[in-house]
Every structure is written in structure tokens, then in C-alpha cells.
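# Per-entry structural report
Residues per chain are reported as follows:
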Amino acid sequence: MNLAAVLVTGLFAGGVSCAAVQGGLLTGLITRQRAATAEPGAPGGRGKSKQAAVVAERRNWRAQLGDDLAPVGGFLAGKLVSHTLLGALLGALGSVVELSVGLRTWLQIGAGLLIIVFGLAQLGVPGFRRIVIEPPVSWMKIVRSRARSQAAFAPALLGFATVLIPCGVTLSVEALALASGSALSGAATMAVFVLGTGPLFAILGYAARKAATAWKGRLAVVTGLVVLAMGMYTLNGGLELAGSPLSASKIAQSFGSGDAPADTATVSEVDGQQTVVITARSGSYSPDNVQVRSGVPTTLVVKSENAQGCVRSFVIRDEQKVLPVRGETRIDLGVLQPGRLDYACGMGMYTGVITIV
């Protein structure tokens, strides 16, 4: 296995793609943790004495940096453990072990709703302002009583759970782990990929931790709005995958500004067999609206032209195909009936439709 290539994939494509969903969870959790401890009367919050505040200000900057990075460190550690275990499982079994598209869709919708709750809490919306996600008290006994350890525990559990909400690039790397045919190689592949995504997550987590310090200031409002926007983005991706009428593309379509005019240039018919070609590039599928005839056996050909990121996870009819970086993927659609057939990337970020007339 070329682990150097996997590391580069994590650094560039993986970090950005996974941060679109998982970054919102991390940012929201950290801001709520920090806001809770900063509230008057909370442990380590504004209710402490002036003398304690002075002592805190004089703390060694390295210790302060450790406190700020503890939550994101816990998140990355949990993420590393779960993904390494998954890689070992994939490499050992040599068969596809993954969640169904439908289940992953609902998990993404749930993640989006959770991030939105974090954002509303950060903005101080009544009924949400006191929400803080923490493990049960009994679980906290397994970590040391130090504040740094406790601050990292909840993010670690969340990081471990992100294996249930993979991004498109993660699915591609899982395919590599599967192809390795070895538990050790599979584990190494997933571990190196997660390490590659680490720098961007570290930046997000550290920025969230510092921003949340200004809980009563304008920066807290900005942070809340950013978290809220990330939640809406994540939620919409899940709604797009589910084909919900509440998704952004469906709402835009209802106002007459949705799908582009149907394209027929990439459709051909030979000997009663219809073939439609869609090109997958980094950041788009084109054309994103293709018109085909009903009642004709149809084959969809997805041509990958340096496809990177989420576009490689191609979902149509609740089935997923992991596209190559370059090459063609043929999908038998059978005999189509009049209507529309939607498709999207694995995170609902990029969508398109086949219009059947």
C-alpha cells in the first residue's frame, strides 16, 4: 500500500471533505463545553475569585495551549481508534462492510440537527442556551479528575462515533483498506488517512476553543452563526440524499430556479439500448440534468476525470458506487419510466437529475 499517497489524500482532500460534516460536530461540542465552563458559578468559570483569575492568567503558555488542544486531541484520538479498527476489519474480511446508504443518510440528518442545536445554544436562544453534551457521570470516573482529561473525554467519544458518518473520501480509502487483503495493511491505511486529516481538525478545534472564550462578546455570536450554518449545510446534505422536498435543490426547483435545462447531447441510442454519460470532476457532476427516453433499456456511464473528494461516492437509487479517480463506471438502470431519477455524492453536497420523458 502506498501510505504516502494516503497521507496526502488525508491532508488535502480528506480534511476538507470530512470537515464539512464532522468539523461541525467538533466545533459545536467544543464551543458548548467552553461556554458552559465560562458561565458564572461554573467550575473554572467567571464565578471564581479574582485571585484565582490572576493565577490563571500567569499560567505557563504551554499549559494553556495544552488545555486548548485537549478537546480536539481527544476527538482525533477517538477518530483514530475507530477508523483503525474499521481498517483492520475491512482488510481481514476482504468483503464490503459498510452502513447502508439509507442509514448513513439518517445519521447525517441527525448530525446536522445536533450541530444546529449547538449553534442555537451558542447564540443563547431560550430553551437551548444551557445545552451541553457530556458523557454520563458514571463514565467520567474512568478518566482522571483533571479538568484537561474531562474536557477531552466527550470529544473522544464523539470522534470514535464519526466512523458512522463517513465522508466521500473516507469511503474511497475504506475501499483501499478492503483491497489490501490484510488486517495490518487495512489498519495502517485508515490510520494514516486519519492522521492526514488531523491538521485541519486541529485548527478548527483550536479556533472554536479560543472563540468560545469570548462567550459574552460579539465573537460568540459569530461563532454561533458559523456553527448554525455548518449544521444547516450538513442537514441539507442528508435531505438531498433522502430526496426530501425540504432540501435546498427541491425548494429552489419549486420557485422555478432549480434544475438547469435538460441536456440531451450526452445521450445516445444504439440497437434499442440507451446510454447516458455523466462526467464526474472534483466539485461537480456534468451535465447535472440529462433528458432520456422512457421505455428503453438504459445504461448510465459515469466518466471520472481526476475525480477527488465526495464526487467519488456516487449514490443513485439508494445504491452507492465508489468511482475511480480516472476511468468509467457503468450502471445498469433498466427500463426507465417517465419521471425523474436523482443522484448525489455520498454527502449530498453535489447533486444531479436524470429527467425521463
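Everything numeric in this text was worked out from a predicted model, so none of it was measured.

Moving on, we come to the UniProt feature "transmembrane region" (unreviewed entry) in the chain. Cross-referencing UniProt, the feature "transmembrane region" (unreviewed entry) maps to residues 106-128, 149-171, 183-207 and 219-239 in the present numbering. For residues 183-207, the helix share is 100%, the strand share is 0%, and the end-to-end C-alpha distance is 36 Å.

One pass over the structure, following the stated rule, counts 4 aromatic pairs. With centroids separated by 5.4 Å and ring planes inclined at 80°, the aromatic side chains of Tyr285 and Phe314 adopt a geometry described as edge-to-face. Taken together, the residues Tyr285 in strand E3 (residues 284-286) and Phe314 in strand E6 (residues 313-316) connect sequence positions 29 residues apart. Here the aromatic rings of Tyr285 and Tyr343 are separated by 5.6 Å at their centres, their planes lie at 80°, and the arrangement is edge-to-face. Taken together, the residues Tyr285 in strand E3 and Tyr343 in strand E9 (residues 339-345) connect sequence positions 58 residues apart. Each member of the pair, Tyr285 as well as Tyr343, carries the same accessibility label: buried. Each member of the aromatic cluster is reached from another via a ring pair, and the members are Tyr285, Phe314 and Tyr343.

Examined against the element boundaries, Thr279 turns out to sit in strand E2 (residues 273-281). Under the relative-accessibility criterion, Thr279 is labelled buried at 12%. Not counting residues within four places of it along the chain, the set of residues in contact with Thr279 comprises Ser284, Tyr285, Ser286, Lys303 and Glu305.

Looking at where Leu336 falls in the secondary structure, it is placed in the loop between strand E8 (326-335) and E9. A relative accessible area of 2% means that Leu336 is categorised as buried. C-alpha separation for the pair Leu336 and Val292, spaced 44 residues apart in sequence, amounts to 8.8 Å.

Core analysis: the largest hydrophobic core is formed by 53 residues, its most contacted members being Tyr285, Leu300, Phe314, Ile316, Leu333 and Ile354. Composition of this core by domain shows at least three residues from each of domain 1 (3-36 + 64-250) and domain 2 (259-356). Non-local contacts of Tyr285, meaning those with residues more than four positions away in its chain, are made with Ile278, Thr279, Ala280, Cys310, Val311, Ser313, Phe314, Tyr343, Ala344, Cys345 and Tyr350.

Quick look at the pattern of salt bridges now. Enumeration according to the criterion identifies 4 salt bridges in this entry. Close ionic contact of Arg293 with Glu269 constitutes a salt bridge, the shortest N to O distance being 2.8 Å. Here the residue Arg293 occupies a position in the loop between strand E4 (289-292) and strand E5 (297-305), and Glu269 occupies one in strand E1 (residues 267-270), the gap between them amounting to 24 residues. Salt bridges sharing common partners tie together Lys250, Arg340 and Asp342.

This brings us to unusual backbone geometry. That bond from Ser286 to Pro287 is cis: its omega, -10°, falls within 30 degrees of zero. With respect to the helices and strands, Pro287 occurs in the loop between E3 and E4. In the Ramachandran plot, Asp271 falls in the positive-phi region, its phi being about 55° despite a non-glycine side chain. Here Asp271 lies in the loop between E1 and E2. Even without being a glycine, Asn306 presents a positive backbone phi close to 55°.

As a further point, take the pairing of E5. Sheet analysis places E2 next to E5, joined by 7 bridges and oriented parallel. Across the sheet, residue Thr275 finds its bridge partner in E5, namely Thr299. Looking at chain direction, E5 and E8 are connected through 9 bridges and run antiparallel. Bridge pairing in E8 links Leu300 to Ile331.

Thresholds, definitions, all that
Residues numbered from 1 in each chain as written. Predicted model: local features only at pLDDT ≥ 70, side-chain atom pairs only at ≥ 80, totals over all residues. Heavy atoms only, no water. UniProt positions renumbered as here; feature names shortened; annotations may be inferred. Helix = DSSP H or I, 4+ residues; strand = E, 2+ residues; numbered from the N terminus. Phe/Tyr/Trp six-rings, centres within 6.5 Å; stacked < 30°, edge-to-face > 60°. Buried < 20%, exposed > 50% of the residue type's maximum accessible area, 1.4 Å probe, protein only. Contact = heavy atoms within 4.5 Å. Core = buried A, V, L, I, M, F, W, Y, C linked by side-chain atoms within 4.5 Å. Domains from an automatic or database assignment. Salt bridge = Lys/Arg side-chain N within 4 Å of Asp/Glu carboxyl O. Pairing = 2+ DSSP bridges.

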